[in-house]
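Structural overview
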Amino acid sequence: MSNPVGDPKTPKTPETPETPETPKKLRRTDVFHPPSSIVDQANVKDYETLYARSIADREGFWAEEAQRLSWYEPWTKVLDASHRPFFKWFTGAKTNIVLNAIDRHLKTPNRNKLAIIWEGEPGDLRTFSYHALNREVSKVANVLKAMGARRGEIVTIYMPQIPELVISMLACAKIGAVHSVVYGGFSVEALADRIQDAKSRILLTADGGFRRGASTSLKEIANAAMARSPSIEVCITVRRTGTECFMESDRDFWWHDLMAMPIASPRCETEVMDAEDPLFILYTSGTTGKPKGLVHTHGGYSVYTATTHRMVFDIKPDDRWWCAADPGWITGHSYIAYGPLINGTTIMMYEGAPNHPYPNRWWQMIEKYGVNILYTSPTAIRGLMRFGNSWSAKHDLSCLRLLGSVGEPINPEAWRWYHEVIGQGRCPIMDTWWQTETGGFMISPLPIMPLRPGSAAKPFFSIEAAVVDDSGRDVAPGEEGKLVIKAPWPGMARTIHGDPDRYVETYWKDYGAQGWYKAGDSARIDEDGYFWIIGRIDDVIKVSGYRLGTAEIESALVSHPRVAEAAAIGLPHELKGNAIHTFVILRHGEEPSPELASVLKDHVSHEMGPIARPESLTFVDALPKTRSGKIMRRVLKARALGQDTGDLSTLEES
Ligand code: PRX
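Below is a short write-up of the structure. (Residues numbered from 1 in each chain as written. Predicted model: local features only at pLDDT ≥ 70, side-chain atom pairs only at ≥ 80, totals over all residues. Heavy atoms only, no water.)

1. Focus on the overall build of the protein
So the rule is basically this: Starting at the N terminus, helices and strands are each numbered in turn, a helix being any DSSP run of H or I of at least four residues and a strand any DSSP run of E of at least two. Throughout, the radius of gyration refers to the C-alpha atoms, and the reference size of a globule is 2.2 Å times the residue count to the power 0.38. For the exposure calls, accessible area comes from a 1.4 Å probe over protein chains only, and a residue counts as buried if that area is under 20% of its type's maximum, exposed if over 50%, partly exposed in between. Any two residues having at least one pair of non-hydrogen atoms within 4.5 Å are treated as being in contact. Accessible surface area values rest on a Shrake-Rupley calculation with a 1.4 Å probe, where residue burial reflects the displayed protein chains alone. Only four residue types enter the charge count: Lys and Arg as positive, Asp and Glu as negative, with His and the chain ends excluded. Charged side chains are reduced to one point each, which is NZ for Lys, CZ for Arg, CG for Asp and CD for Glu.
Helix and strand content of the protein: 19 helices and 34 strands. In summary, the protein has a C-alpha radius of gyration of 24 Å against a globular reference of 26 Å for 654 residues, a match within 12%. Out of the 654 residues belonging to the protein, those deemed buried represent 61%. Expressed as a percentage of contacts within the protein between residues at least 6 apart in sequence, the contacts between residues at least 24 apart total 72%. Carbon and sulfur atoms make up 51% of the accessible area of the protein, which amounts to about 25000 Å² in all. Between the mean site of the 74 positive side-chain charges and the mean site of the 80 negative ones, the protein shows a separation of 3 Å.

2. Quick look at the sheet that holds strand E7 (residues 178–181)
In any sheet, the strands associate via hydrogen bonds between backbone groups, in a parallel or an antiparallel arrangement. Selection rule: Strand pairing is assigned whenever DSSP detects at least two bridges linking the two strands.
Ordered by their spatial adjacency, eight strands build an open sheet running E12-E11-E8-E6-E7-E14-E15-E25, and the pairing between neighbours is mixed. The sheet is open, and its two borders are formed by strand E12 (252–254) and strand E25 (495–496), each paired with just one other strand.

3. Some words on the environment of Tyr 530
Tracing the sequence through the fold places Tyr 530 in the loop between strand E26 (517–525) and strand E27 (531–536). Once the C-alpha coordinates of Tyr 530 and Pro 477 are considered, the two residues, 53 residues apart in sequence, prove to be 9.7 Å apart. Ignoring anything within four residues of it in the chain, the contact list for Tyr 530 reads Met 449, Pro 450, Arg 452, Ser 455, Ala 457, Lys 458, Arg 524 and Ile 525.

4. Remarks on the site of the ligand
Applied cut-off: Near residues are defined by distance, with any heavy atom within 4 Å of the molecule or strand qualifying the residue. Counting of polar contacts relies on pairs of N or O atoms within 3.5 Å, with two restrictions inside protein: one atom must be capable of donating a hydrogen and the other of accepting it, and residues adjacent in sequence are counted only when both atoms are side-chain atoms. Any residue that is not Ala, Val, Leu, Ile, Met, Phe, Trp, Tyr, Cys, Pro, Asp, Glu, Lys or Arg is counted as polar, Gly included; the first ten are nonpolar and the last four charged.
Near the ligand there are 17 residues, and of these Asp 431, Thr 432, Thr 436, Arg 536 and Arg 547 occur at the shortest range. The backbone of Glu 408 places a nitrogen or oxygen atom 3.4 Å from a nitrogen atom of the ligand. For the ligand, an oxygen atom lies 2.5 Å from a polar atom in the side chain of Thr 436. Relative to its free-state accessible area of 540 Å², the ligand is covered by the protein chains to the extent of 97%. Partitioning the shell around the ligand into residue classes produces six nonpolar, five polar and six charged.

5. Considering the environment of Lys 199
Topologically, Lys 199 is positioned in the loop between helix H7 (188–198) and strand E8 (202–206). Judged by its relative accessible area of 64%, Lys 199 is exposed. Sequence separation of Lys 199 and Ser 229 is 30 residues, and the distance between their C-alpha atoms is 8.3 Å.

6. What about the sheet that holds strand E24 (residues 481–485)?
Counted only if it meets this: As a rule, the C-alpha atoms of each element are fitted with a line to give its axis, helices using only the stretch in contact, and angles between N-to-C directions run from 0 to 180 degrees.
With respect to topology, four strands assemble into an open sheet ordered E23-E24-E26-E27, the strand pairing being antiparallel. Strand pairing shows two members of the sheet lacking a second neighbour, strand E23 (465–468) and E27, which therefore form its edges. Across the sheet, the mean angle from the axis of one strand to that of its neighbour is 45°, orientation sign disregarded. Examined bridge by bridge, E24 and E26 share four bridges and lie antiparallel to one another. Following the sheet pairing, Gly 481 is matched in E26 by Ala 523.

Okay, structure coming up:
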């Protein structure tokens, strides 16, 4: 493969990062005003007026936005709230997200526009126009049909960041199958759990992907997960790295073999779906038990992702948009794939690590492809900030117009570096707060708004967000409380796959009397109505912006034969936001040792994936529990931080 982006002038990667020029401490009241060049051309010029209208006439607002999209048949009702909290949007309408993400572009000049620019970590480059994307998606759709895939069946996708991942998602949607993408950084147990919950018959995967110069062995993990998942009948594998892997003769097929067969015709009709038919399920970690598969639909999700993307990132027809997330998470679903493609945007994708082979890799690609908008996470920003200012200074980043942040609160120091060094003081930062459950942005600035570093600014149109106490009363400005959403929105998850009761219990029970959605985050609203997200208030840990459940980590630890009981907590970490700290009670007769601690950490990594590898593992004789036997993680956390452990009247150590 050629390497079109190699930069011979780039010096060697430093072993240790330079000390960054420490930016001056920001005060919470610092305000940044957007440049007039952006305000004058903004898609939305007056937030307050449109927000007031969207609240006064929620359905009218969304009907107007929905009319920008194509539909096979229009809706009879915008919002059906007759079975709260199981809301329905655009009922009666017929659509398919592919009708808007691909098909309608083929009848416009967008047909020949680039849909995807993809660069592999080794430097290989692939591009797809909307026309070419349609042909690829149709081929895969036809192969899936030939393999017996049917409307409504859940197809699991486990791939690295390669174009085939997005193509597979679109191919499933096109034929009415439901995709369940499992993040390529997850490992055996996480993948097997998700395949089993979805009862998938078909798995789409790859032999591996490139990361920091090495190749990952996805097919090996997939093989181990399939061995635990009897529902799988067909596995189709993309050859990406060329690593040898085991293929079972009547189950495994190579992607390229199938795509070369006559069944892989590049013409395929898009299936006509009900607006409320499921488009995908995406598993996310919760407070207890196994991850839950949140269900998103074709209709409302199309409207919501397209509208939020166009308005918050002020999308213009010729924009090159780079959401540097992994498609395996909701950010990738909504803002690599669906929202941008519906808006006819050119999307950038990159396979590998931001600092490989050098810490200028991202800046080099931004310059090379003329990226206008970069949307990433605070962890990535902090990681690149460590290397100082010289790496981005090698590149002309004047093509950038807007920046974005998502996944965790951004600390003001990282905000300022991103703004001054990467955005050169010119590019407003959209700090978007949202969740897997919400489908799209919920609280975010618009490019016309004054920005406060660390604040996600204001609710999006039609979103009634509030910060309340346990009884539902608004807390005073500046005070911490629980974040709730008081009314439905089109992008909301409709249920938890196979467990509607858990959906009600998790999100709608705490404020059941009021009918509000509980986000699971704590937050503050300042005197000017700006929202400041503090973090999770449940047993979810955000590690480098990735969402992990303490229950999953604990269950991985307990699956080791030498472990009797385990507890996991998150503690602040300079780079990752939070890091995982674990406490383990060994089985009778087992002796603690540093070697065993390391074996157990590796075990978690092997079962769940490297992101879940505990930062620390402490052997203990007992764990603090309530009298009903629930581990009191808040006590462990307070102890670790040297804080007051609060009310311990229900505590027992066992
Ligand atoms: O705690 C909040 C944090 O990420 C959680 C949702 O995680 P997930 O479903 O994986 O989706 C992440 C990408 C949308 C939230 O409950 N979070 C997300 N965005 C922000 C954030 N915390 C602070 N600021 C944000 N902008």
